[in-house]
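Fold and geometry: a report
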Amino acid sequence: MEFPFDVDALFPERITVLDQHLRPPARRPGTTTPARVDLQQQIMTIIDELGKASAKAQNLSAPITSASRMQSNRHVVYILKDSSGRPAGKGAIIGFIKVGYKKLFVLDDREAHNEVEPLCILDFYIHESVQRHGHGRELFQYMLQKERVEPHQLAIDRPSQKLLKFLNKHYNLETTVPQVNNFVIFEGFFAHQHRPPAPSLRATRHSRAAAIDPTPTAPARKLPPKRAEGDIKPYSSSDREFLKVAVEPPWPLNRAPRRATPPAHPPPRSSSLGNSPERGPLRPFVPEQELLRSLRLCPPHPTARLLLAADPGGSPAQRRRTSSLPRSEESRY
């Protein structure tokens, strides 16, 4: 991959390692140094073009490697240049590999979840014109030595079929451990101990507070033991026998005739738990005329007799004399 500026002068070594700061590497002694802003801009241009070429080779909708992504993440990119072919004395870029540590939740052989933070292969590309010439193995092996990891300790993010064949050919990585995410790990991934998961912030805060304030907390109050619950008794009508006895209504409502014989078909009982209390039969409704006739026939109360005897104006004779007046005179009073 060629560029309009001098790649050989920008990257003095065959393989250049760049971090998120995208700083130009040290220059060779005796060479002219252009403006530092121009060097960083050239590096950003190279990374953007490599990301586009890699996305096109993997049939991705958008590049996953760019200068802006490099500056916002703690990733490392290894760039391989070609010094032999020097068109117009400017050099060319063969390919790159991008790696970075990520916290992942992966499944082991027993399908148990494990929180690990391995080194991940995030992007890998070798130009189509120089593939199958050993450049990919050279770049990959340099990365392994620089990062001090073994091939089976890596986690690969959405590897292509070419990358899987490359790992199987050069590093005998064939058997994979199935995962639920886009990362692929191989057999032997859990052979070495990865970084233990960091303790939660809340647990760290509580431990620090306990170390600063050694005052013991108040003991928890003990609740009294619960009483043993006995057998639950069903609803019984024996405790409410008084509901079965109908209360005698006042006179003259008690003069209504009672039903002599019980009904042929008693009303059905409730199907709820136990038996509902039985009540006496309701008395028939007493008509108004019968009620008035009963009131006329009832004997006067003894107290009423005493009042009538003590009040001479209320005697029966005076009532008769008063009632004998003409109707016209009665209306005046």
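Preceding this paragraph is the structure being described.
Definitions and cut-offs
Residues numbered from 1 in each chain as written. Predicted model: local features only at pLDDT ≥ 70, side-chain atom pairs only at ≥ 80, totals over all residues. Heavy atoms only, no water. Phe/Tyr/Trp six-rings, centres within 6.5 Å; stacked < 30°, edge-to-face > 60°. Helix = DSSP H or I, 4+ residues; strand = E, 2+ residues; numbered from the N terminus. Buried < 20%, exposed > 50% of the residue type's maximum accessible area, 1.4 Å probe, protein only. Polar contact = N/O pair within 3.5 Å; in protein donor to acceptor, adjacent residues only side chain to side chain. Contact = heavy atoms within 4.5 Å. Patch = residues over 30% accessible without salt bridge, like charges linked within 9 Å, V, L, I, M, F, W, Y side chains within 5 Å. Areas by Shrake-Rupley, 256 points an atom, 1.4 Å probe, with all protein chains shown as cover. Salt bridge = Lys/Arg side-chain N within 4 Å of Asp/Glu carboxyl O. Lys, Arg positive; Asp, Glu negative; His and termini not counted. Charge placed at Lys NZ, Arg CZ, Asp CG, Glu CD. Expected span 1.5 Å × (residues − 1).

This part takes up the packing of aromatic side chains. Aromatic ring pairs are reported here in terms of the distance separating the ring centres and the angle at which the planes meet. Under the definition given, this model contains 9 aromatic pairs. Summarising the aromatic geometry, the rings of Tyr78 and Tyr142 are spaced 6.1 Å apart at their centres and angled 75° between planes, so their arrangement reads as edge-to-face. Of this pair, Tyr78 sits in strand E2 (residues 76-82) while Tyr142 sits in helix H4 (residues 135-147), placing them 64 residues apart in sequence. Looking at Tyr78, the relative accessible area reads 1%, which means it is buried. Aromatic pair Phe140 and Tyr171: ring centres 5.3 Å apart, planes at 45°, arrangement tilted.

Right, let's get into the side chain of Thr65. Within the secondary structure layout, Thr65 lies in the loop between helix H2 (36-57) and helix H3 (67-72). Thr65 sits in the buried class, given a relative accessible area of 2%. In this structure the side chain of Thr65 is engaged in a polar contact, spanning 3.2 Å, whose partner is the side chain of Lys98. In this structure the side chain of Thr65 is engaged in a polar contact, spanning 2.7 Å, whose partner is the side chain of Asp123. Leaving out residues up to four positions away in the same chain, Thr65 has contacts with Ile47, Gly51, Phe96, Lys98 and Asp123.

Another aspect to go through is a positive patch on the surface. A cluster of basic residues, Arg132, Lys162, Lys165 and Lys169, forms a positive patch on the protein surface. Along the chain, the position of Lys162 falls in helix H5 (residues 161-171).

With 13 residues, H4 should cover 18 Å at 1.5 Å per step; its first-to-last C-alpha distance of 18 Å lies within 8% of that length. Every buried residue belonging to H4 is among His135, Gly136, Leu139, Phe140, Met143, Leu144 and Glu147, and all of these are buried. Downstream of H4 by a residue or two, Arg148 has a phi angle that is positive, lying close to 60°.

Before going further, it helps to spend a moment on the pattern of salt bridges. Evaluated as defined, the whole model comprises 5 salt bridges. With a shortest N-O distance of 4.0 Å, Glu115 and Lys103 are connected by a salt bridge. Separated by 12 residues along the polypeptide, Glu115 in strand E5 (residues 113-116) and Lys103 in the loop between strand E3 (92-101) and strand E4 (104-107) bring together distant segments of the chain. Here Glu115 falls in the partly exposed class, since its relative accessible area comes to 29%. Look at Lys103 and you get partly exposed, because its relative accessible area is 49%. A salt bridge links Arg110 to Asp108; the shortest N-O distance between them is 3.9 Å. Exposure remark for Arg110: the relative accessible area of 74% places this residue in the exposed category.

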